[in-house]
Amino acid sequence: MKTIKTVSEMQDCRKTLAEPVGFVPTMGYLHGGHISLVRKAREENVSVVVSIFVNPKQFGPNEDFEKYPRDLQGDLEILEEEGVDAVFAPEAAEIYPQDFNSRVEVLGITQKLEGNCRPGHFRGVTTVVNKLFNIVRPQRAYFGQKDAQQVIVIQKMVKDLNMNLEVITCPTIREEDGLAMSSRNIYMNPEERQSAIVLYRSLMLAQDMYQRGERDAEAIRKEMVRLIKTEELARIDYVSVADPATLDELDMITGKALVSLAVKFGKTRLIDNVVLG
Ligand code: PAF
């Protein structure tokens, strides 16, 4: 496995990789969710490239960029074991040199949900993912359903800009008690970690209501909020039942619905979702 630090080395390495190339962009501190993406990429492609880059442009000024967990050595050992061909792990100055002065932005859907709570976040994501796609030139790129809005935004960018690759969404990987795996889970103390199970319980409640025939989106939101509020440590950013294409809030569920939420436990902000229908 090659570990690559510069754009030009990555571009040279890409010329030597047998196609199709599957690509898994990450911010490192790898967990079961990332590993499932790498395995899927391994299954479906001849070569696999993983990037590890904590992208400063997708963090707001008061967010956790500085303290975001990092463990490059541990990550490289995992990826070696998974049979990855190349890991692209650049420094920030390599991706954003001093004269860097461009951005890639999807409009509309990036203003809702996460975009509303984290202004500029998706512009940072699409800018870096666009650069990574240009550098790695994969035939397929793999993202987790846990970041549902991120996948929708990236799919829209790929479509709008006629980018020649397939975006593949892989299921959310959960801990035994249902908490979605996330690099941020380690921020929580034991009490917060215990309370955070309510996220999965509230999504299961939504699924249950839907399966029993409930189609009134507000009734589902209300019950989820009620359940989450039974946990004293939980502070809700949003609970949403939205159209998965436009991310507009639904009144009635007639087709598919993206049920998503963002909730803080102490300083840790978690997101999760399920799709109904
Ligand atoms: O999902 C992530 O880890 C990041 O948003 C991504 C896609 C690697 C871009 O920095």
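Keep in mind that this is a model prediction, so the values were computed, not measured.

Draft legend 1. Looking closely at the site of the ligand. Around the ligand, the neighbouring residues are Pro-25, Thr-26, Met-27, Asn-55, Gln-58, Val-128, Val-129, Phe-143 and Gln-150. At 2.6 Å, a side-chain N or O of Gln-58 approaches an oxygen atom of the ligand. Residue Gln-150 places a side-chain N or O atom 2.7 Å away from an oxygen atom belonging to the ligand. Expressed as a share of its isolated accessible area of 290 Å², the protein-covered part of the ligand is 89%. If you list the elements that add at least two residues to the shell around the ligand, you get strand S2 (21–26) and helix H6 (121–136). The residue makeup of the shell around the ligand, split by class, is five nonpolar, four polar and no charged.

Draft legend 2. Here's a closer look at unusual backbone geometry. Cis peptide bonds are those with omega within 30 degrees of zero, and the linkage from Glu-19 to Pro-20 qualifies with 0 degrees. Residue position: Pro-20 is located in the loop between helix H1 (7–16) and S2. Positive phi, normally seen in glycine, also occurs at Tyr-29, with a value near 55 degrees. Mapped onto the fold, Tyr-29 is located in the loop between S2 and helix H2 (32–44).

Draft legend 3. Broad picture of the pairing of strand S5 (residues 140–144). The pairing of S2 with S5 spans two bridges and is classified as parallel. When the sheet's bridge partners are listed, Gly-22 is paired in S5 with Arg-140. In the sheet, S5 pairs with strand S6 (residues 166–170) via five bridges, with the strands oriented parallel. Bridge pairing in S6 links Phe-143 to Thr-169.

Draft legend 4. Examining the environment of Val-50 more closely. Counting through the fold element by element, Val-50 comes out in strand S3 (residues 47–52). Considered as a pair, Val-50 and Pro-90 are 40 residues apart in the sequence and their alpha carbons are 12 Å apart.

Conventions used here
Residues numbered from 1 in each chain as written. Predicted model: local features only at pLDDT ≥ 70, side-chain atom pairs only at ≥ 80, totals over all residues. Heavy atoms only, no water. Near = heavy atom within 4 Å. Polar contact = N/O pair within 3.5 Å; in protein donor to acceptor, adjacent residues only side chain to side chain. Areas by Shrake-Rupley, 256 points an atom, 1.4 Å probe, with all protein chains shown as cover. Helix = DSSP H or I, 4+ residues; strand = E, 2+ residues; numbered from the N terminus. Nonpolar A, V, L, I, M, F, W, Y, C, P; charged D, E, K, R; others polar. Pairing = 2+ DSSP bridges.

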